[in-house]
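Chain by chain, the residues:
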Amino acid sequence: MTVDTRPRPAAGSDGPATAPGDPIIQIQGLNKWYGDFHVLKDVDLSVDQGEKIVVCGPSGSGKSTLIRCVNALEEHQKGKLLVEGIEVKNDLKNIDAIRREVGMVFQQFNLFPHLTVMDNLCLAPVWVRRTPRREAEATAMQLLERVKIPEQADKYPGQLSGGQQQRVAIARALCMRPKIMLFDEPTSALDPEMIKEVLDVMIELAEEGMTMVVVTHEMGFAEKVANRVIFMDQGEIVEQAPPSEFFSNPRSERTRQFLGQILSH
Amino acid sequence: MTDRIETGQVTGPPRAPTGAIRWLRENLFNTWYNSLLTLVIVWAGFNIVPAMVDWLVLEAVWHAAPPEACREAAGACWAFLHEKGRFILFGLYPYDEQWRPTLAVALALGLIAVSGDRRSWGRWLAIAWALGIVAIALLIRGGALGLSYVPNNQWGGLPLTLGLSIVGLVFAFPAGILLALGRRSDMPAVKAVCVAYIELIRGVPLITVLFMASLLIPLFLPQELSIDKLLRAQIGLIMFAAAYLAEVVRGGLQAIPRGQYEAADALGLTYWQKMRLIILPQALTIAIPPLVNTFIGFIKDTSLVVIIGLFDLLGATKSALSEAGWRPMYKEGYLFIALIYFVICYSLSKYSQALESRLETGRRARR
Amino acid sequence: MAVVSESETSRQRRSPLAALWNDPRYRAVIYQLLVIAGVVFVVGYLVSNTMANLEQRQIATGFGFLDREAGFAISESMFSYDATDTYGRAFLVGLTNTFRVAIIGVVLATILGVIIGIGRLSTNWLVAKLASAYVEVTRNVPLLLQLLVWYGVITYALPHPRDADNPLPGVFFSNRGIKLPAPVADIGWLTASVGVLVGIVGAIALARWAKRRQDATGQPFPTFRAGLAAIVGAGIVGWAVGGAPTAISVPELAGFNFRGGMTLTPEFAAVLLGLTIYTAGFIAEIVRSGILAVSHGQTEAAHALGLRRNQVLRLVVLPQALRIIIPPMTTQYLNLTKNSSLAVAVGYPDLVSIGNTTLNQTGQAIEAISIFMAVYLSLSLGISLFMNWYNSHIALVER
């Protein structure tokens, strides 16, 4: 039995489809405030199907907030945000539809400690997609093989290493067969020797054509995988360029400073 | 499509109405069911609060009056406190000598207040406490320095409640530390004795421990050795508190990483040096918040001595209320002492919370 | 170097006793022997004193007195008891009364505590403040005082039966206690309870079937609502089969007191009210901190997977919060049961209060107190065994 774990075609049955060629994520004039603090200032961004975007910038620059707005974990106050042609706004139906299509991986893994690895993976397919258990488990097993830890299926998250937990978290997001994957600093909480095993999985995913938006400081990953690198500072997109251009010839002074800081060690 | 610093036109967030209206909308009317709850609570408040103010203040009898006068008033009978307040506070203590327990209570509260400041912790505080306790005992008991002797069956009210609490803790705390160390000992016999004691006491209600102390101690001791009721109650309270404090201290001990024990062993310290210099100072610091919570529980628990016939704050109130005519004034009497208990326990618990957050930040800063 | 060798030789020259003392194993044995000797000595001393004292006071030891006639009446009992029954039976009455007030108290305190604990987390400022005021007041005033206040309210503030408060038809509040309408005993109520039991079994079977079906087809089933319907439905069927009894005994004023219906005595009501309100304050704190302990990341991750609000609560937050809440909650249940012994202060005939009467009459203090301790200790032991089992089976698996 083979189970399709690839992203489903763009014209899925749930939610309005995007016309071919349209960007899968469209962000126009996005603004967000925490109280009086202006986190996102007039952000414009569009991401095409299959594109890989790496977002970097100093801490507090709004990069995590930006991708958390994409699946409505954060509410934006001004501007337009379309995912798969569905507008992200304060509407539970829309939000549910978007979250089904967008997978997310967190810095702190956020696996459910009371469920086994297998149950972590099956939770959303069973309750959200109403997949029969056996089918969900088969998909989950295939994905665990893909992230190279099928033998851990019956363990609890607390029994795994950080790198293993993060790979489970990636598999958990993929179980919903999302069309877009968001990564919020997926390797920041990991010990150095575990970073590679997670990045390898992400690179493989990128090679299979997944649309990815990755907040990370792993510039090696950006160089290898990204179609575009975006630099954010103080809530603004300061610069965006293909990695070759971005690293060799940054246009803005702030980008140069930032690159100098993170590449120097 | 690059540098957008110039174009970033910064305006304020889209603002809801500001000030009071905004606060109301966000905190009281943010969803339909919250709005409903708010309305219900406000309506209930309009019904209850004026009646309470009437009873407590406006229609209350404030001046000294016989109980019959209170019957006619619709409000609270504060005349009861005029008449019985001193009895509630001091029990059967000779009326003319009541300045002595007053001074003793002030001294005790002063010492507690000073101990609240962490900068005061040290040798001088210990000496101050030792002197303070001697002074308090002298004041209350008398029989020296020209103070008349007051036997302990006349002690009562607030000084008795505080005395039972403070003396109880002073003795129970070291006992609790020893029990906790014993429970974590490698020696099976020592451990078994401590576990048995702790679990036995914690497994039964305080009232049975007090019954045991008041009824069984006379049976357990030879005839010629008789202990009075107050001391028996105090022994029961100490036995009870020691078991609970032991468990709190054990919690603190468990939080100390094994590396600390190993480092102390590697320095060649003996067991008692290791405990006294390295482990206990850290363990007790960690355990301060739960210790204070145990203290609070203990102060409340001393009220149970009324069941074995002592006149502590609650016992004196009960006895004042048993007098003909004043019986219906239980609300005023109980409200009065509830307030005293509340002020003591609430301020201690706020103190423990403040200390906890400070310790928390201290630990984080050290990381 | 010289110093070192000197000290080494001096150590070797020490007496064999000192060598024994310096061997940690032997030292441990010596310490333990001392402790055991101390305990044996103290116990022996106390026992010999006790024997002498008992002999002098001419009190017989042993539990033989339990078979003697008690000679005192008990104001409320769940089974027949009168003054001619034995002390043993009186203790049994006390034990059942303790359990009665404790079990009802645990249920009510849990309900109230959960409501207040959630109230403290409410986004409604008024609700949150009121809930935290409740917690602060109930936790910082002694339980015994609270019990006495409730007892005072019931016996003094409530009117005489003749002008009893009548908030609902058939419900009367007076200083003789709370009167409630109660169904008249009938076979139909028995069949109804059988029906409810059958319904519960059916609901469990239904839940299993629903899980299997969801596993197979992916279709969820409204298990909770259907189960509830099954239980209620089976209860009604049982009631109808038993002849559908409708006779309800409504309390009626007859002379100076009520007749008919069900009574909660002022003592029982005061103890129940006091224990419930006091314990609910502690339970509220446990519930609040249990919910807060489930990290925000967990709910976010669940939302990001597309789970809906109620699914997040049911599948992710509650299972984790309950693991944190249940151990301290059982401690509170145990505390409530132990605290029910304060009933002696208002005269509710619980175990301790009947034991107290008994030991005053017979002088069998050691025996009576041993009975208290045996009962409460076995209860504590039972609960801690349960907790150990719970911790090893349900607690989160971590490295």
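Described below are features of the structure shown in this document. Keep in mind that what you see is a predicted model, and the values were worked out from it rather than measured. (Residues numbered from 1 in each chain as written. Chains lettered and ligands numbered in written order. Predicted model: local features only at pLDDT ≥ 70, side-chain atom pairs only at ≥ 80, totals over all residues. Heavy atoms only, no water.)

### Quick look at a nonpolar patch on the surface
Okay, step 1: Together, Leu178(B), Tyr271(B), Trp272(B), Leu17(C), Leu20(C), Trp21(C), Tyr26(C), Ile30(C), Tyr31(C) and Leu34(C) make up a nonpolar patch on the protein surface, roughly 1000 Å² of accessible area in all.
Okay, step 2: Of all the elements in the fold, those that place two or more residues in the nonpolar patch are helix 12 (271–301) of chain B together with helix 2 (16–22) and helix 3 (24–57) of chain C.
Okay, step 3: Looking at the secondary structure, you find Leu20(C) in helix 2. (Patch = residues over 30% accessible without salt bridge, like charges linked within 9 Å, V, L, I, M, F, W, Y side chains within 5 Å. Areas by Shrake-Rupley, 256 points an atom, 1.4 Å probe, with all protein chains shown as cover. Salt bridge = Lys/Arg side-chain N within 4 Å of Asp/Glu carboxyl O. Helix = DSSP H or I, 4+ residues; strand = E, 2+ residues; numbered from the N terminus.)

### Some thoughts on the pattern of salt bridges
Okay, step 1: Within this structure, the stated rule accounts for 28 salt bridges over all chains.
Okay, step 2: Measuring nitrogen to oxygen at the nearest pair gives 3.1 Å for the salt bridge that ties Lys274(B) to Asp265(B).
Okay, step 3: Taking the relative accessible area as the measure of exposure, Lys274(B) reaches 9% and is therefore buried.
Okay, step 4: In this structure, the salt-bridge partner of Glu136(C) is Lys350(B), at a minimum N-O distance of 3.9 Å. Taken as a pair, Glu136(C) in helix 5 (residues 125–139) and Lys350(B) in helix 14 (residues 330–366) lie in two separate chains rather than in one.
Okay, step 5: Taking the relative accessible area as the measure of exposure, Lys350(B) reaches 34% and is therefore partly exposed. (Buried < 20%, exposed > 50% of the residue type's maximum accessible area, 1.4 Å probe, protein only.)

### A word on the packing of aromatic side chains
Okay, step 1: Tallying each qualifying case throughout the model produces 16 aromatic pairs over all chains.
Okay, step 2: Both rings, one in Phe41(C) and one in Tyr45(C), keep their centres 6.4 Å apart while their planes meet at 15°; by these two values the pair is stacked. Remark: Tyr45(C) and Phe41(C) occur in helix 3; sequence separation between them is four residues, near one turn of the helix.
Okay, step 3: The interplanar angle of 90° and the centroid separation of 5.2 Å between the aromatic rings of Trp209(C) and Phe221(C) together place this pair among those described as edge-to-face. With a gap of twelve residues between them, Trp209(C) in helix 7 (residues 187–217) and Phe221(C) in the loop between helix 7 and helix 8 (223–241) connect regions that are remote in the sequence.
Okay, step 4: Overall, the relative accessible area of 37% leaves Trp209(C) in the partly exposed class.
Okay, step 5: We classify Phe221(C) as partly exposed; its relative accessible area is 26%.
Okay, step 6: Joined through ring pairs, the aromatic side chains of Tyr330(B), Tyr334(B) and Tyr156(C) make up one cluster.
Okay, step 7: Between the NZ or CZ atom of Arg172(A) and the centre of the ring of Phe112(A), over which it lies, the distance is 4.6 Å. (Phe/Tyr/Trp six-rings, centres within 6.5 Å; stacked < 30°, edge-to-face > 60°. Lys NZ or Arg CZ within 6 Å of the ring centre and 35° of its normal.)

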